[in-house]
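The lines below spell out each chain.
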Amino acid sequence: MCSAKGCRATAAHAVVWNNPKLHTADRRKVWLACDEHEKSLADFVALRGFLIEVVPVGQLTDADG
Ligand SMILES: [Zn+2]
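Owing to the predicted nature of the structure, the values given are computational and were not obtained by experimental measurement.

(A) Geometry of the sheet that holds strand S1 (residues 13-17). Taken together, the 3 strands give an open sheet; going across it, the order is S2-S1-S3, and neighbouring strands pair in antiparallel fashion. The open sheet terminates on both sides in strands that have one partner only, identified here as strand S2 (29-33) and strand S3 (51-56). Ignoring which end each strand starts from, the neighbouring axes of this sheet average 25° apart. When S1 meets S3, the two strands line up antiparallel, connected through 5 bridges.

(B) Representation of helix H1 (residues 38-47) within the structure. When H1 is considered as a whole, its buried residues turn out to be Leu41, Ala42 and Val45. Seen from one end, H1 has its buried residues packed into an arc of 95°, which puts them on one side. Turned more than 90 degrees away from the buried face of H1 sit Lys39 and Leu47, all of them exposed. Those residues of H1 hidden inside the fold are in contact with S1, S2 and S3.

(C) Representation of the nonpolar core in the model. Residues Val15, Trp17, Ala33, Leu41, Ala42, Val45 and Phe50 constitute the largest nonpolar core, which totals 7 residues. At the level of elements, S1 and H1 are the ones that each hand at least two residues to this core. Not counting chain neighbours up to four residues away, the residues in contact with Ala42 comprise Val15, Leu51 and Val54.

(D) Up close: the coordination of the zinc ion. For the zinc ion, the protein coordination sphere consists of Cys2 (SG), Cys7 (SG), Cys34 (SG) and His37 (ND1), at 2.0 to 2.3 Å. Classification of the site at the zinc ion as tetrahedral follows from its 4 donor atoms and the range of 103 to 115° in their angles at the metal. Between the donor residues of the zinc ion, the gaps in sequence give the motif C-x4-C-x26-C-x2-H. On the criterion of sequence distance, the pair formed by Cys7 in the segment before S1 and His37 in the loop between S2 and H1 is long-range, its members being 30 residues apart.

Quick notes on the rules
Residues numbered from 1 in each chain as written. Predicted model: local features only at pLDDT ≥ 70, side-chain atom pairs only at ≥ 80, totals over all residues. Heavy atoms only, no water. Pairing = 2+ DSSP bridges. Helix = DSSP H or I, 4+ residues; strand = E, 2+ residues; numbered from the N terminus. Axes fitted to C-alpha atoms, helices over the stretch in contact; angles between N-to-C directions. Buried < 20%, exposed > 50% of the residue type's maximum accessible area, 1.4 Å probe, protein only. Arc of directions from axis to C-beta. Contact = heavy atoms within 4.5 Å. Core = buried A, V, L, I, M, F, W, Y, C linked by side-chain atoms within 4.5 Å. Donors = N, O, S within 2.8 Å, 3.2 Å for Na, K, Ca; no water. Tetrahedral: all angles 85-135°; square planar, octahedral: opposite > 155°, others 65-115°.

Pasting the structure below:
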């Protein structure tokens, strides 16, 4: 399900990010996003310099959380 507030759409994308002040470098935080919210969620972390990558949900691994 999409991570955007109030959105209940099925997530198709995973925004993978890391805040170096809170997380170790190998930590991969994931926000799930629907088509509509992928860009806004990715932009939110990208603006802060936290964005690692955006991948299809099916490409997530056990290391992502
Ligand atoms: Zn959404």
